[in-house]
Amino acid sequence: MHLTDKPENSPVEEINFDTFRQVDIRIGTILEAAPLEGARKPAIRLKIDFGAGVGIKKSSAQITVHYECDALVGKQVAAVVNFPPRQIGKFMSEVLTLGFPDSSEDIVLFSPDQPVPNGARLA
């Protein structure tokens, strides 16, 4: 899933804190990265370790403009871990890896600038 919104748009409808807490955003470390074969848009399939509580999950990310597969291994990323799995071509994506569009609308991954334990939840 690749949804973007223009920076000049107003914020979406206000939600309360309890609703926000229902979105489970965790940090994980990429264990494997490879091109996603059969995708309509170029994408990379990721295997991400979220620690003991969540485990190892798969994700598809349209990040081929800024990232090479080999350079992604070991990188920490943020992902929503409590969405239902989503079929992407022949691949089942289990988590939504988070990123932001740059000025060309190519995705830049959202990741911590300091090491964080795998499975740490957004605070």
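Let me sum up the structure you'll find in this document. None of these values were measured; they are calculated from a predicted model.

Details of the overall build of the protein
In step 1: From N to C terminus, the protein includes 2 helices and 9 strands.
In step 2: For the protein, the succession of helices and strands along the chain, N to C, is α-β-β-β-α-β-β-β-β-β-β.
In step 3: Its C-alpha atoms give the protein principal-axis dimensions of roughly 40 × 35 × 30 Å.
In step 4: Counting only residues that meet the buried cut, the protein has 32% of its 123 residues in that class.
In step 5: Restricting to contacts in the protein with at least 6 residues of sequence separation, those with at least 24 account for 59%.
In step 6: As displayed, the protein offers around 8200 Å² of accessible surface, 53% of which is attributable to carbon and sulfur atoms.
In step 7: Between the mean site of the 13 positive side-chain charges and the mean site of the 16 negative ones, the protein shows a separation of 8 Å.

A few points about the pairing of strand β3 (residues 56-61)
In step 1: Two strands pair when backbone bridges link them, and strand β2 (residues 44-49) and β3 are joined in this way by 6 bridges, in the antiparallel orientation. When the sheet's bridge partners are listed, arginine 45 is paired in β3 with serine 60.

A word on the sheet that holds β3
In step 1: Pairing is antiparallel across the open sheet formed by 5 strands, whose spatial order is β3-β2-β1-β4-β7. Edge positions in the open sheet fall to β3 and β7 (96-97), since each of these has one partner strand only.

Re the nonpolar core
A general feature of soluble globular proteins is that nonpolar side chains tend to end up buried together.
In step 1: Counting 18 residues, the largest nonpolar core has Leu46, Ile63 and Leu72 as its most contacted members.
In step 2: Counting only elements with at least two residues in this core, the list comes to β1 (25-35), β2, α2 (69-72), β4 (76-80) and β9 (107-109).
In step 3: With 3 residues, β2 is the single largest residue contributor to this core.

Considerations on a nonpolar patch on the surface
In step 1: A surface patch of nonpolar side chains, amounting to about 390 Å² of accessible area, comprises Ile15, Phe17, Phe20 and Leu122.
In step 2: Within the fold, phenylalanine 17 resides in helix α1 (residues 17-21).
In step 3: The class for phenylalanine 17 is exposed, based on a relative accessible area of 58%.

Conventions we followed
Residues numbered from 1 in each chain as written. Predicted model: local features only at pLDDT ≥ 70, side-chain atom pairs only at ≥ 80, totals over all residues. Heavy atoms only, no water. Helix = DSSP H or I, 4+ residues; strand = E, 2+ residues; numbered from the N terminus. Buried < 20%, exposed > 50% of the residue type's maximum accessible area, 1.4 Å probe, protein only. Contact = heavy atoms within 4.5 Å. Areas by Shrake-Rupley, 256 points an atom, 1.4 Å probe, with all protein chains shown as cover. Lys, Arg positive; Asp, Glu negative; His and termini not counted. Charge placed at Lys NZ, Arg CZ, Asp CG, Glu CD. Pairing = 2+ DSSP bridges. Core = buried A, V, L, I, M, F, W, Y, C linked by side-chain atoms within 4.5 Å. Patch = residues over 30% accessible without salt bridge, like charges linked within 9 Å, V, L, I, M, F, W, Y side chains within 5 Å. Salt bridge = Lys/Arg side-chain N within 4 Å of Asp/Glu carboxyl O.

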